[in-house]
Amino acid sequence: MSYDVVVIGAGPAGMAAAVQLAKLGISVCVVDEQPAPGGQIWRGVERNATSPVFKALGEDYQKGSSATAAFHAAGIDYQPAAQVWQIEDGWKVFLTAEGKSRCITAKAILLANGAQERPVPFAGWTLPGVMTVGAAQILLKSGGMLPEGDVWIAGAGPLPLLYATQLLELGGKVAGYIDTSQKPSLKALSHLPAAWRDFPGLMKGLRWIWKLRRSGKLVRNTRNLRATGDGQLRQIEWESNGKTRKRDVGVLLVHEGVVPRIHETMALGCDHDWNDQQKYFAPRVDQWGETSRKGIFVAGDAGGIGGWKVATVSGEIAGLGIARFLNIGIDAEKLRREAALDDGRKRAMALRPLLDALYTPPQTPIADDVVVCRCEEVTAGRIREAARASAPDVGAVKAATRCGMGPCQGRQCGYSVQALVAEVNNLPVGDVRFFNIRPPLKPVTLGEIATLQDVEA
Amino acid sequence: MFRSVMAGLKEQADMTVYVNGVETPAWDGETVASILLRVPNVGRQTPVSGETRLPYCQMGVCFECLAVVDGVPSVQGCLMPLKDGMRIERQRGRREVGQ
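Just so we're clear, the structure is a prediction, and the values are computed from it rather than from any experiment.

Rules behind the numbers
All residue numbers refer to positions counted from 1 along the written sequence of the respective chain. Key to labels: chains lettered from A, ligands numbered from 1, both in the order written. Restriction of local features to residues with pLDDT of at least 70 applies here, the model being predicted, together with a cutoff of 80 or more for giving and counting side-chain atom pairs; totals for whole chains, interfaces and linings are based on all residues. As a rule here, side-chain values cover all heavy atoms of the structure and leave hydrogens and water aside. By the criteria applied, helices consist of DSSP H or I runs no shorter than four residues and strands consist of E runs no shorter than two, each listed in order from the N terminus. Expected helix span is given by 1.5 Å per residue-to-residue step, counting one fewer step than there are residues. Burial classes: relative accessible area under 20% of the type maximum marks a residue as buried, over 50% as exposed, and values in between as partly exposed (1.4 Å probe, protein chains only). Contacts are residue-level and defined by heavy atoms, with any inter-residue pair within 4.5 Å sufficient. Summed over both partners, the accessible area lost on bringing two parts together, with a 1.4 Å probe, is the buried area. The rule for a salt bridge is simple: a side-chain nitrogen of Lys or Arg has to be within 4 Å of a carboxyl oxygen of Asp or Glu. Identification of polar contacts relies on pairs of N or O atoms within 3.5 Å, with a donor-acceptor requirement for protein atoms, meaning one able to donate a hydrogen and the other able to accept it, and with residues adjacent in sequence counted only if both atoms are side-chain atoms. Asp, Glu, Lys and Arg are counted as charged, while Ala, Val, Leu, Ile, Met, Phe, Trp, Tyr, Cys and Pro are counted as nonpolar; the rest, among them Gly, fall into the polar class. Strands are labelled as partners when DSSP assigns at least two bridges between them. Angles here are taken between N-to-C directions and fall from 0 to 180 degrees, while the axes themselves are lines fitted to C-alpha atoms, restricted in helices to the stretch in contact.

> Describe in detail helix α12 (residues 308-326) of chain A, supporting the description with residues and values.
Residues and elements named next belong to chain A. Helix length check: α12 (19 residues) gives 26 Å between terminal C-alpha atoms against 27 Å at 1.5 Å per residue, within 8%. Counting buried positions along α12 gives 15 out of 19 residues, so the element sits mostly inside the fold. Backbone geometry just downstream of α12 places N327 in the positive-phi region, at approximately 60 degrees.

> Requested: an account of the interface of chain B and chain A, with residues and values cited.
The partner chain A presents 45 residues to the 40 residues of chain B that form the contact. Carbon and sulfur atoms make up 62% of the area that chain B and chain A hide from each other, which totals about 3700 Å². For the chain B face of the interface with chain A, the top three residues by lost area are F2, Y56 and M59 of chain B, together amounting to 23%. The interface formed by chain B and chain A contains two salt bridges. Seen at the junction of chain B and chain A, the total is 14 residue pairs in polar contact (both at pLDDT 80 or more). Top contributing element to the side of chain B that touches chain A by residue count: strand β1 (residues 2-4) of chain B, with three residues. Of the residues contributing to the side of chain B that touches chain A, the split by class is 20 nonpolar, ten polar and ten charged. Two strands pair when backbone bridges link them, and strand β9 (residues 145-147) of chain A and β1 of chain B are joined in this way by three bridges, in the antiparallel orientation. Bridging across to β1 of chain B, M145 of chain A finds its partner in S4 of chain B.

> I'd like to hear about the environment of A22 of chain A, residue by residue, with values.
Residues and elements named next belong to chain A. Here A22 shows up in helix α1 (residues 12-23). For A22, a relative accessible area of 25% puts it in the partly exposed group. Expressed as a C-alpha distance, the spacing of A22 and A74, which sit 52 residues apart in the sequence, is 6.7 Å. Residue contacts for A22: discarding those within four places in its chain leaves V28, A74 and I76.

> Give me the sheet that holds strand β14 (residues 235-240) of chain A: which residues, what numbers.
One key point about sheets: their strands pair by backbone hydrogen bonds, in either a parallel or an antiparallel sense. Residues and elements named next belong to chain A. Read from one edge to the other, the open sheet built from three strands follows the order β13-β14-β15, with strand pairing classed as antiparallel. Of all the strands in the sheet, just β13 (223-228) and β15 (243-248) have a single pairing partner and so form its edges. Averaged over all neighbouring strand pairs, the angle between strand axes comes to 20 degrees, with direction disregarded. Relative to β14, β13 is paired through four bridges, and the arrangement is antiparallel. Bridge pairing in β14 links R226 to E237.

Listed below in structure tokens is the structure:
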């Protein structure tokens, strides 16, 4: 099968780009991991329209309905429930869906595969009962799942606040909320005037915080949070004002922001830049979303965290950029100006500098006995030991310890290993590279590869 | 650890699945990963130490929700919607070549 463009990801950016491309008469196929369009932000939005959770999920979620409707109406070829495991020059996209593999060729590729929550290892984070806030919110969107028992939230950023509000609205309970954010710096507050451009966004955040304060369950200025239990989460402990506090807990939900999904652009050898404030790599793109590799475009959170509104605009811009790249005789600059896409992007970005400055990733060193690589169960201590015995390179540590070699391929431990190697060598984190990402991008069986047909060598 | 809001609103579940052979009511929109959080003793056992894990990320990046689904091992549970009659079993260690 062959298309002008393959779009990977059917979230806000991927859908917006695909609709834009289809409008311009360009043949496009959208490939997505999920069984229905919407990405993580609008996960299950079509199915949930008639569910009791729809109202509680809020306005931003409900806006997904019109985006998915426009996506379907555009008559775009769409391959849901598919895992992309390899992208080759030419461009060839190898994927598996329903146990069978296929190769789709295209002149250009748009990676709109979004973000993941930043994994932050702490003692006990592998215990059943501990999961991310984002995970709990996805469960709410998939079958209306509410956590039971004493539910604690520990984290920073807008998502835990939003989730707590949604949970309370649906009759769920939050036993306590540990705000792990640092005190706002003057630098962070200097972004406040620009943030006023997104007044409703700002007010929404303040309302969440106010509601939470009033509930009397907010805990601040904590250190050394850990989860304990024998094979199952039973308690959490933390230090506050020099005292150790303990609470019985049923479910602990954690969140320390989100980072772009970079495995695909890393494997393709695209250039990346280090964001030292938010501590992540993002592919370097030009004003049309094109990476350092011709014909590989990126839109949405995969190119740097901006949220769904920025993602939508960047998808539209990338759509025009790809049309320009394909040289189909349109004036992309003019279309971009007429749709006022740059103004839209600026407005959508208004709150971001404040959020990025307010919610910086935690910089507490990881204790030696904490598991960093969840798949291969490698502790921070073993990683430090290997890092001391080798050149300041994550590859050497990986080879010595197996960290990053499990099924998740370093998606959980990548940044922690990088930070540990930097710490041991007394280097700035951004000076240490990320894991070398090799195919397959997702596990694929020999049987699935054997179903491949008509692939030119 | 989790329950569906639907459980209090509907008289009957949307479907029945079998978790470790036990009949379990389930709801539209649920994935294999959500059932792992509602039924005891079905979380995967790691290939390294054998300890039990439960779904962590729900968005396809942590691989903690691996399960045996209708006889197929190492299925990423959070990406697999439940279907009526589906059989879900605990994933013990790593999958073998040829399975």
